[in-house]
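# An overview of the molecular structure
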Amino acid sequence: MPITLDELRHYVANSAAIRGNATLQPVGGKGDKVFPPTHSVDERRLRPENREGAKYARERRRIVGTEHEVVLLDSVQSQANRMEEALDALWRDKKITLPVIDVDFTGTFPDLKGISSLTAPHRVSDALLRDSLLNGTLFRYSDLGKSFVDATIRNAAPLFKVCPTGLVFGLWDSTGPRGGLGFKLARNLTSEIVGIDAVFGTKTSSRIDPTGIVKKPQPVFRAADADEQWTLDENRAEKKKGKNGALILEDGKPVPVLYGKKDKAGTTTAINHSNIPPTLDILAGGVTFEKATQTVVLSLAGLRRLSFGNQDDDIAARAALGALGLLAVTAAADRGYDLRSRCQLGPEKGAALAFHTVAKDGTESVVQLDLDAAKALYEAAVHALPDSLRWKNAAGVPLKQGEPLERLIPAPKLIKLIEESRKLAVAEEVEDEG
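Residues numbered from 1 in each chain as written. Predicted model: local features only at pLDDT ≥ 70, side-chain atom pairs only at ≥ 80, totals over all residues. Heavy atoms only, no water.

With that out of the way, let us pick up the overall build of the protein. The helix and strand tally for the protein stands at 10 helices and 23 strands. The principal-axis extents of the C-alpha atoms in the protein amount to approximately 80 × 60 × 35 Å. Sorting the 434 residues of the protein into buried and exposed places 44% on the buried side. For the protein, contacts bridging at least 24 residues in sequence account for 72% of all contacts bridging at least 6. Total accessible area computed for the protein in this model is approximately 22600 Å², and 51% of it derives from carbon and sulfur atoms. (Helix = DSSP H or I, 4+ residues; strand = E, 2+ residues; numbered from the N terminus. Buried < 20%, exposed > 50% of the residue type's maximum accessible area, 1.4 Å probe, protein only. Contact = heavy atoms within 4.5 Å. Areas by Shrake-Rupley, 256 points an atom, 1.4 Å probe, with all protein chains shown as cover.)

Counting across every chain of the model gives six aromatic pairs. Between F139 and F148, the aromatic rings sit 6.4 Å apart at their centres with planes inclined by 35°, giving tilted as the arrangement. Side by side, F139 and F148 carry an identical accessibility label, which is buried. Of the aromatic side chains, those joined through ring pairs into one cluster are F139, F148 and F183. The aromatic ring of W172 is capped on one face by K184, whose charged end is 4.1 Å from the ring centroid. (Phe/Tyr/Trp six-rings, centres within 6.5 Å; stacked < 30°, edge-to-face > 60°. Lys NZ or Arg CZ within 6 Å of the ring centre and 35° of its normal.)

To continue, consider the sheet that holds strand 5 (residues 132–134). Across the sheet, four strands lie side by side as 4-23-5-6; this open sheet has mixed pairing. Here the strands that pair on one side only, and so sit at the sheet edges, are strand 4 (101–103) and strand 6 (137–138). In this sheet, strand 6 lies alongside strand 5 in antiparallel orientation, the contact comprising two bridges. Within strand 6, the residue paired with L134 across the bridge is T137. (Pairing = 2+ DSSP bridges.)

Our focus in this paragraph is the pairing of strand 23 (residues 406–410). Burial along strand 23 is one-sided: the residues E406, L408 and P410 are buried and none of R407 and I409 is. Bridging between strand 5 and strand 23 involves two bridges; their strand directions are antiparallel. Each residue of the ladder has a partner; that of L133, found in strand 23, is I409.

Turning next to the nonpolar core. Residues V124, L159, F160, F308 and L345 are the most contacted members of the largest nonpolar core, which totals 98 residues. If you tally residues by element for this core, the top one is helix 8 (residues 311–335), at 13 residues. Apart from the residues within four sequence positions on either side, F308 is in contact with A156, A157, F160, L167, D313, D314, A317, R318, L321 and L389. (Core = buried A, V, L, I, M, F, W, Y, C linked by side-chain atoms within 4.5 Å.)

Written as structure tokens, this is what we have:
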């Protein structure tokens, strides 16, 4: 039988954690190569023996008494984002009740959809919400935005009523009115996916230009007309300027700006033409592994540190947060493990994500839970909240499924910042790719 609300309340009050484990393999089959996330490295400082797989987060871990080479496939931060995206999808499909502060970019940037306290990087304390307006007032200076400024683990109710996911996935209110002194809450839910016994490979790349364009037929310049992007005509090129804005001259003539950066400047490669000769990449050449594992930990001890006013409120709110965490995990797993390009995983037969409670004495008990059961458990926990913690809209009416707590619009200064950033991105897009 699936876990009940009474059982969850018992676990939250008496157990150390609820743990989830899954064993995963590439969907292409065991031994198929996948590509983990990459990280910046200073290639000049790498010794030859350390170059293979150097852009991956790799380490040796001790597992059941034996050391294994492990590579990170999806970080705690990335997993949290995937879980919040899964919650966001359920909320937008009107399948769950959750206080969400939405930012409406429809009138300015229609392509920016789904930005909210669920999907912004820093949740309700994110700068995108800070720099948006609620009824003409910057959000963090509105009554709602100020309501959770003084939240702490001993006074978690104000944040619970605005952004309960912050109490599950962690939050640092560093962009609020108190700056770096803003409250900081640790994660109570973590998930990580790693590959065990990883072997690092080599990636090849090449491209044949079907038109026969070569790398250096003649210099390529940045066009003075931004809409034109690049030109072969020196007279139509943008000209170099000094720090004082004056044109830089050479032999009495303005110096045109080459398109691209470093060794690609002025070449057709900078504008994505010409051939790419066959190359080998061992810094980020993909990996194979014996198996991948997902480890999820919902800290019930962490939830017990949160206080909401009185004992009854504590029990109800902690259970709701526990149910929210379990829903986030099951919803993300139900969407699958398509982590990034060429890194799609699936569970081994009989080893899909399964949950256990971990008692204070280390005893484990199986917890039956799938997505439908998790949704039912969560809605039961929400329905059981006392009126003092019930999520309500501006009119004081309990929220409906898929209803936002509030909807913001971007402030003019945020609109201007996005506009100027997009202009710069257009001008330098190909350069950055090069």
